[in-house]
Each structure stands twice: as C-alpha cells, then as structure tokens.
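# Survey of secondary and tertiary structure
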Amino acid sequence: MNSNVYWMLELDVQPGRENDLRVLMAEMVSATQANESGALNYEWSTSADGKVCHIYERYADSAAVMTHLGTFGERFAGRFLEILKPVRFVIYGSPSAAVKDALAGFNPIYMQALGGFSR
C-alpha cells in the first residue's frame, strides 16, 4: 500500500466570479507546480456553464499535503473561499491525523480502499 493522499473537491463558483476563478487557479497551479514536488496531480475542471468546479489533488504523502495546506492558508485561502463554496470533499488514501485535523473544517468524507491497483 502506498502513502499517497488524494481527493476530489467539488465547489460552486460564486455568481459573476468565473474570471476571478481562472486568475486564482492559474496562480495556485503555478505555485504548486513550482514549489511542491510532493504534489503529484493538481487538476482543476469546470462544468460547461462554469458554475461548478472540481479539483483533483494527489500528494505523495501526508507531509506533502501539509506543505500544500501551509501555502494554501498563507497565500490563497481567503480568495479561494470568496470565489468558491465547498460542496463535497472526498478524501482517499492514508491521511495522517494532522492532515485530518487540518481539513476537518471542510467536513470531508473519508473513503477506505477496498481493492484495485495503482501503477
């Protein structure tokens, strides 16, 4: 079993904030790609009407998640939560207690592995 932690976060885009979302997303993707080697996937998608946003994130381990959350909190959380309203947050893998504590405010659902494989 690997130590990856990954999730799908579903968010509603606040009305009229679609352009703000694109600016924020570009900044967050750039910062994550440049500074977080433990971020393995960091992918944003929107519905055709631009009202729903999904973010898929996968990290090498809980330490990489904590690094990301530190940057998120310091640089992006305020704008993120002005533009986006969390709807559903599903977390997979083996997050540490520290990760669970850090994400508790988002009321995530934790899924346990049942079977399958990863390459």
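Everything discussed here concerns the structure shown above.
Here is a short report on the structure shown in this document. (Residues numbered from 1 in each chain as written. Predicted model: local features only at pLDDT ≥ 70, side-chain atom pairs only at ≥ 80, totals over all residues. Heavy atoms only, no water.)

Okay, the sheet that holds strand 3 (residues 52–59) next. What the five strands build is an open sheet, ordered 2-3-1-4-5; its pairing is mixed. Of all the strands in the sheet, just strand 2 (39–46) and strand 5 (109–110) have a single pairing partner and so form its edges. Sheet analysis places strand 2 next to strand 3, joined by seven bridges and oriented antiparallel. Within the sheet, the bridge partner assigned to Ala 39 lies in strand 3 and is Tyr 59. Here helix 1 (residues 18–35) sits on the sheet in contact with strand 1 (5–13), strand 2, strand 3 and strand 4 (84–93), set at roughly 170° to strand 2. Helix-sheet contacts for helix 2 (residues 62–83) involve strand 1, strand 2, strand 3 and strand 4, and the interaxial angle to strand 1 is about 5°. (Pairing = 2+ DSSP bridges. Helix = DSSP H or I, 4+ residues; strand = E, 2+ residues; numbered from the N terminus. Contact = heavy atoms within 4.5 Å. Axes fitted to C-alpha atoms, helices over the stretch in contact; angles between N-to-C directions.)

This part takes up the pairing of strand 4. As judged from the nine bridges shared by strand 1 and strand 4, these two strands associate in the antiparallel manner. By the bridge assignment for strand 4, Val 13 is matched with Leu 84. Pairing of strand 4 with strand 5, which is carried by two bridges, proceeds in the parallel orientation. Looking across to strand 5, one finds that Ile 91 is bridged to Tyr 110. In terms of handedness, the path from strand 4 via helix 3 (residues 97–103) over to strand 5 forms a crossover that is right-handed. (Right-handed = clockwise from strand over helix to strand, strands pointing away.)

Here we take up the pairing of strand 3. Residues Cys 53, Ile 55, Glu 57 and Tyr 59 line the buried face of strand 3, whereas the alternating positions Val 52, His 54, Tyr 56 and Arg 58 sit on a face that is not buried. Sheet topology note: the strand 1/strand 3 ladder contains eight bridges and is antiparallel. Paired with Glu 10 across the two strands is His 54, which belongs to strand 3. The antiparallel pairing of strand 2 with strand 3 creates a hairpin that spans five residues between the two strands, and Gly 50 there sits at a positive phi of about 75°. (Buried < 20%, exposed > 50% of the residue type's maximum accessible area, 1.4 Å probe, protein only.)

Among the structural elements, Ile 91 can be located in strand 4. For Ile 91, a relative accessible area of 1% translates into the label buried. For the pair formed by Ile 91 and Ser 47, sequence separation is 44 residues and the distance between their alpha carbons is 21 Å. In this view, Ile 91 contacts Val 5, Tyr 6, Trp 7, Leu 103, Pro 108, Ile 109, Tyr 110 and Met 111; residues no more than four positions away in its chain are not counted.

With the rule as written, the count across this model stands at seven aromatic pairs. A centroid spacing of 5.3 Å and a plane angle of 15° characterise the contact between Tyr 6 and Tyr 92, whose relative ring orientation is stacked. One end of the pair, Tyr 6, is in strand 1; the other, Tyr 92, is in strand 4, with 86 residues separating them in the sequence. Residue class for Tyr 92 comes out partly exposed when judged on its relative accessible area of 29%. For the ring pair Tyr 42 and Trp 44, a centre distance of 6.2 Å and an interplane angle of 75° mean the geometry is edge-to-face. Relative accessible area serves as the criterion here: at 16%, Trp 44 is assigned to the buried category. Taken together, the aromatic side chains of Trp 7, Tyr 59, Phe 89 and Phe 106 make up a single cluster linked through ring pairs. (Phe/Tyr/Trp six-rings, centres within 6.5 Å; stacked < 30°, edge-to-face > 60°.)

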